[in-house]
Amino acid sequence: MTKQDIIRALTHVHYPGTGKNIIEQGMLMDDLKIDGNRISFSLYFEKPNDPFVKSIVKSAEQTILAFVSEDIDIKGNITVKTPEIQHRQAEQLLPDVKNVIAIFSGKGGVGKSTVAVNLAVALAHLGYKVGLLDADIYGPSLPKMFGVENQQLYTEIRDGREKIIPIEKFGVKMLSIGFLVDAEKALVWRGTLAANALKQLITDALWGELDYFIIDLPPGTGDIQLTLVQTLKIDGAIAVTTPQEVALSDARKGINMFQNEKINVHILGLVENMSWFTPAELPDNKYFIFGKGGGQRLSEEMHVPLLAQIPLIQTICEGSDNGTPIAAENSVSAQIFEELAKKIG
């Protein structure tokens, strides 16, 4: 018996009036567990007073017994979750964090992590208490960008539980899956395993009191994004794109995902990265390598603010590679991220 057996069985349970099964409806949450012959999981209902709650739970129990095995212990093991319940649980996970902000992009290679790291450092320089989570499970870059690749994580016992101590540098508390895996090897994890690892970094860490908890999401609109939205109360999200049309198209999808009724996360705004290139020897010239005005057009189309346009600057790239984010320095480039931080702070 596998989780896929349970999921296949649940495709036979349909939500009345929609013609879709509860898997297609996205009602099965990612906490499906198999312990011997005991099965447990949660079903998400959009309305707290949904009239079909009892009938669907009962149907799910009967379907699993019929399509998987009569010996399964399932009755009473299906938890019902609603937006109100989710909201309360999310607030309890990080009670000492004032604002949770997700940084996302529709595709990779647009500088999302660079923006996340420098925004976190800039907020810290403004005097805020800041935490940063590298949620890009398959391509963690935070350890290198902070120059802490060889750092070892430690734990301590708090209230009878073992807690992870985040690494702190430039005034930012940080955690990344990159501290726990071999940086030279590809991470081959299924979505559920990756999501559970992220949950542990969030819930089993000593983040303490924070003004801002920045989450650097993986690119795209998949399991990790949905899991974090379901796990945490995210106060706002920032989209990162380049002016290139293919990047704008993917950023549009990401914004649509966060604005979806089921997710409903406020979009704080859009950051256009690599907006233009200005050679040092020609300081008055701008070369629009990846296109011009794309971020502004997307901002107007999606009705979200254009928070910043970041030029293609060599020192920003070098700072990320050398482990010293540009926002940690006193330079013109650092002022770009300071201005962005002031708009958020």
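Everything here concerns the structure above.
Predicted model only: the values in this text are computed from it and were never measured. The residue count restarts for each chain, going from 1 along the sequence in the order it is written. Two thresholds apply to this predicted model, a pLDDT of at least 70 for residue-level local features and 80 or more for giving and counting side-chain atom pairs, whereas whole-chain, interface and lining totals are computed over all residues. Heavy atoms throughout the structure, all of them, feed into the side-chain values; hydrogens and water do not.

Participant: Describe the overall build of the protein, with residues and values.
Facilitator: Numbering of helices and strands starts at the N terminus; helices are DSSP runs of H or I of at least 4 residues and strands are runs of E of at least 2. From N to C terminus, the protein includes eleven helices and 13 strands. The globule rule used for comparison is 2.2 Å times the number of residues to the exponent 0.38, while the radius of gyration itself is calculated over C-alpha atoms. Since a compact globule built from 345 residues should have a radius of gyration of about 20 Å, the 22 Å found for the protein is in line with a globular shape. Taken over the C-alpha atoms alone, the protein extends approximately 75 × 50 × 35 Å along its principal axes. The 345 residues of the protein split such that 48% are buried. We call two residues in contact when some of their heavy atoms are within 4.5 Å. For the protein, restricting intrachain contacts to residue pairs at least 6 apart in sequence, the fraction spanning at least 24 positions comes to 74%. For each residue, the accessible area found with a 1.4 Å probe, counting protein chains only, is set against the maximum for its type, and the residue is called buried under 20%, exposed over 50%, and partly exposed in between.

Participant: Run through the sheet that holds strand β2 (residues 38-44), naming residues and quoting values.
Facilitator: If you trace the three strands from one edge of the open sheet to the other, you get β1-β2-β3, paired in mixed fashion. Of all the strands in the sheet, just β1 (33-35) and β3 (78-81) have a single pairing partner and so form its edges. Strand-to-strand twist across the sheet, computed as the mean angle between neighbouring axes with direction ignored, equals 15°. Paired strands, as defined in this entry, are two strands with at least two bridges between them according to DSSP. Two strands pair when backbone bridges link them, and β1 and β2 are joined in this way by three bridges, in the antiparallel orientation. All axes are obtained by fitting lines to C-alpha atoms, using only the stretch in contact for helices, and the reported angles, taken between N-to-C directions, cover 0 to 180 degrees.

Participant: Let's hear about the sheet that holds strand β12 (residues 267-273): which residues, and what values?
Facilitator: Strands sit in the order β8-β9-β5-β10-β4-β11-β12-β13 across an open sheet of eight strands; the sheet is mixed. Each edge of the sheet is formed by a strand with only one pairing partner; in this case those strands are β8 (167-169) and β13 (306-310). Adjacent strand axes in the sheet meet at a mean angle of 20° when their direction is disregarded. Alignment of strand β4 (residues 97-104) against strand β10 (residues 210-216), held across six bridges, turns out to be parallel. Looking at the pairing, isoleucine 101 lines up with isoleucine 214 of β10. Contacting β4, β5 (130-134), β9 (172-176), β10, β11 (236-241), β12 and β13, helix α4 (residues 112-125) crosses the sheet at an angle of about 170° to β10.

Participant: Pulling in residues and values, what's your account of the pairing of β4?
Facilitator: The element β4 is extensively covered by neighbouring structure, given that six of its eight residues are classed as buried. Pairing of β4 with β11 involves four bridges; the strand directions are parallel. When the sheet's bridge partners are listed, phenylalanine 104 is paired in β11 with alanine 239.

Participant: Lay out the nonpolar core with the relevant residues and their values.
Facilitator: Most often, soluble globular proteins have nonpolar side chains that are buried together. For the purposes of this section, nonpolar cores are sets of buried Ala, Val, Leu, Ile, Met, Phe, Trp, Tyr and Cys residues that join through side-chain atoms within 4.5 Å. In this structure, Phe213, Ile214 and Phe258 are the most contacted members of the largest nonpolar core, which totals 79 residues. Those residues in contact with isoleucine 214 that sit more than four places away from it in its chain are Ile101, Ile103, Ala116, Leu119, Ala120, Leu123, Val130, Gly131, Leu132 and Leu133.

Participant: Provide a residue-level description of unusual backbone geometry, including the pertinent values.
Facilitator: Despite not being glycine, phenylalanine 170 has its phi angle at roughly 55°, a positive value. Its location among the elements puts phenylalanine 170 in the loop between β8 and β9. Judged by its relative accessible area of 26%, phenylalanine 170 falls in the partly exposed class. In this structure, histidine 303 is a non-glycine residue whose phi angle is positive, near 60°. Accessibility expressed as a relative area gives 71% for histidine 303, which makes it exposed.

Participant: An account of the pairing of strand β6 (residues 154-158) is needed here, citing residue identities and associated values.
Facilitator: In regular strands, side chains alternate between the two faces of the sheet. With five bridges connecting them, β6 and strand β7 (residues 161-165) associate as antiparallel partners. Its bridge partner being in β7, glutamate 156 is matched across the sheet by lysine 163. Where β6 hands over to β7, the hairpin turn is made up of two residues, of which aspartate 159 adopts a positive phi near 55°.

Participant: Could you give an account of helix α2 (residues 53-67), with specific residues and numbers?
Facilitator: Between the first and last residue of a helix there are one fewer steps than residues, each counted as 1.5 Å, and that sum is the expected span. For α2, spanning 15 residues, the distance from its first C-alpha to its last is 21 Å, which sits close to the expected 21 Å at 1.5 Å a residue. Those residues of α2 that fall on the buried side of the exposure criterion are Val53, Ile56, Val57, Ala60, Glu61, Thr63, Ile64 and Leu65. Looking at the packing, one finds that the buried side of α2 touches α1 (3-10), β2 and β3.

Participant: Give me the pattern of salt bridges: which residues, what numbers.
Facilitator: Salt bridges are defined as contacts in which a side-chain nitrogen from Lys or Arg sits within 4 Å of a carboxyl oxygen from Asp or Glu. For the structure shown, the criterion picks out twelve salt bridges. Residue glutamate 339 pairs with lysine 342 through a salt bridge whose shortest N-O separation is 3.8 Å. Of the two residues, glutamate 339 and lysine 342 are both situated in helix α11 (residues 332-344); the distance of three residues between them amounts to about one turn of the helix. Using a relative accessible area of 43% as the deciding quantity, one classes glutamate 339 as partly exposed. A network of salt bridges, in which partner residues are shared, links Glu338, Glu339 and Lys342.

Participant: Give me the packing of α1 against α2: which residues, what numbers.
Facilitator: With their axes 9 Å apart at the nearest point, α1 and α2 run at an angle of 120° to one another. The angle between α1 and α2 places the two elements in the oblique class. Relative to α2, the crossing made by α1 is right-handed. Contact residues: α1 offers Ile6, Ala9 and Leu10, while α2 offers Ala60, Thr63, Ile64 and Phe67. In terms of residue class, the contact of α1 with α2 is built from six nonpolar, one polar and no charged. Working definition: roughly parallel below 35 degrees, roughly antiparallel above 145 degrees, roughly perpendicular at 65 to 115 degrees, and oblique for all remaining angles. Here a crossing is called left-handed whenever its near helix is offset anticlockwise from the far helix by less than a right angle, and right-handed whenever the offset is clockwise. Any residue outside Ala, Val, Leu, Ile, Met, Phe, Trp, Tyr, Cys, Pro, Asp, Glu, Lys and Arg is labelled polar, Gly included; the first ten of those are nonpolar and the last four are charged.

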